[in-house]
Amino acid sequence: MKEYEKNWRTLRDFDRGRIPAAVLDWILDSHSLTQRVRAFCGDTPFRVRVLSLRYRPASTAESCVLKIKPGLSVLDRQVQLCCDERPLVYARSLLPVTLFTGRQQRLKFQGSKSLGATLFSDPSVTRGELQVASVAAGNIPGAEPAEQAVWGRRSVFRIQGKPLLVAEFYLPHLFQ
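Quick look at the structure, then.

What counts and how
Residues numbered from 1 in each chain as written. Predicted model: local features only at pLDDT ≥ 70, side-chain atom pairs only at ≥ 80, totals over all residues. Heavy atoms only, no water. Disulfide = S-S within 2.5 Å. Helix = DSSP H or I, 4+ residues; strand = E, 2+ residues; numbered from the N terminus. Buried < 20%, exposed > 50% of the residue type's maximum accessible area, 1.4 Å probe, protein only. Polar contact = N/O pair within 3.5 Å; in protein donor to acceptor, adjacent residues only side chain to side chain. Pairing = 2+ DSSP bridges. 1 Å grid on protein atoms, 1.4 Å probe; cavity = no way out; pocket = protein on both sides within 12 Å on 5 of 7 lines; lining within 4 Å. Points joined across faces, edges and corners; volume = space filled by probe spheres on them. Nonpolar A, V, L, I, M, F, W, Y, C, P; charged D, E, K, R; others polar. Core = buried A, V, L, I, M, F, W, Y, C linked by side-chain atoms within 4.5 Å.

As for the state of the cysteines
Here's step 1: Summed over the entire model, instances satisfying the criterion amount to 1 disulfide.
Here's step 2: At a sulfur-sulfur separation of 1.8 Å, the disulfide partner of Cys-41 is Cys-83. Between Cys-41 and Cys-83, the S-S torsion sits near -95°, and that sign places the bridge as left-handed. Of this pair, Cys-41 sits in helix H2 (residues 33-41) while Cys-83 is found in strand S3 (residues 73-83), placing the two residues 42 residues apart along the sequence. Accessibility classification places Cys-41 together with Cys-83 in one group, the buried group.

Put into structure tokens, the structure is as follows:
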């Protein structure tokens, strides 16, 4: 099991004093992360860099979080949110194939479009409880192994009652 899959704690169960103030500000932001990163980039071009997009069976831990049948096929989408070529956020989304019905079929074809922008533009989407984690930088694409720990948040979003999991890690470049 990858380190970033086992360190999650609910925000209410986590000692917020351990989280650097600048990071906590990003974690607690309830608005679209994509919009915030775009604003952070200013005049520098924003882009979503797709690192990986593949179907695979959900792990037992992922199935528990999503409340789906263990082994159900999920679309595992891994991206970086970048200012020009500089990655600022690593994001990983798990979309169960049962989500892809009706209007939600569009989620299969996000490509380099932001999933967050799509989610936050749909008023029917709800967001579950936030969880936070701190993991070794070497376990997160875009972070140098020698860098400090990388903080992240994740939550289950629901579209018409169907779950998808979104995890976002704030890369050290964001705070330099």
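Now that the structure has been shown, the text picks up again.
Some details on the side chain of Asp-122
Here's step 1: Tracing the chain through its elements places Asp-122 in the loop between helix H4 (115-120) and strand S5 (126-127).
Here's step 2: Among the polar contacts listed, one links the side chain of Asp-122 to the side chain of Arg-106, at a separation of 3.5 Å.

Looking at the pairing of strand S6 (residues 131-135)
Looking down a regular strand, the side chains alternate between one sheet face and the other.
Here's step 1: S6 sits mainly inside the fold: 4 of its 5 residues count as buried.
Here's step 2: Two strands pair when backbone bridges link them, and strand S1 (residues 9-10) and S6 are joined in this way by 2 bridges, in the antiparallel orientation. For Thr-10, the partnering residue across the bridge sits in S6 and is Gln-131.
Here's step 3: Two strands pair when backbone bridges link them, and S6 and strand S7 (residues 150-159) are joined in this way by 5 bridges, in the antiparallel orientation.

Topic: empty space enclosed by the protein
Summary: where empty space remains is shown by rolling a probe the size of a single water molecule over the atoms.
Here's step 1: The tally for this structure, following the rule as stated, stands at 2 cavities of 30 Å³ or more.
Here's step 2: Approximately 180 Å³ is the volume found for the largest cavity.
Here's step 3: Lining the largest cavity are 17 residues, and of these Thr-34, Leu-115, Gly-116, Val-166 and Glu-168 lie nearest its centre.
Here's step 4: Breaking the lining of the largest cavity down by element, the ones donating at least two residues are H2, S3, strand S4 (86-96), H4 and strand S8 (162-170).
Here's step 5: Of all the elements, H4 adds the most residues to the lining of the largest cavity, at 4 residues.
Here's step 6: Considering only residue class, the lining of the largest cavity consists of 10 nonpolar, 4 polar and 3 charged.

So, the environment of Arg-103
Here's step 1: As for its placement among the helices and strands, Arg-103 is situated in the loop between S4 and H4.
Here's step 2: Put simply, Arg-103 and Ile-140 are 37 residues apart on the chain and 32 Å apart in space, counted from C-alpha to C-alpha.

Regarding the nonpolar core
The tendency in soluble globular proteins is for nonpolar side chains to be buried side by side.
Here's step 1: In terms of nonpolar packing, the biggest core is built from 23 residues, with Ile-19, Val-37 and Tyr-170 touching the most fellow members.
Here's step 2: Sorting the residues of this core by element identifies helix H1 (21-28), H2, strand S2 (46-57), S3 and S4 as the ones contributing at least two each.
Here's step 3: Counting residues in hydrophobic clusters, the runner-up holds 12 residues, among them Leu-99, Phe-100, Phe-157 and Ile-159.

These values are about where atoms sit, not about what they do.
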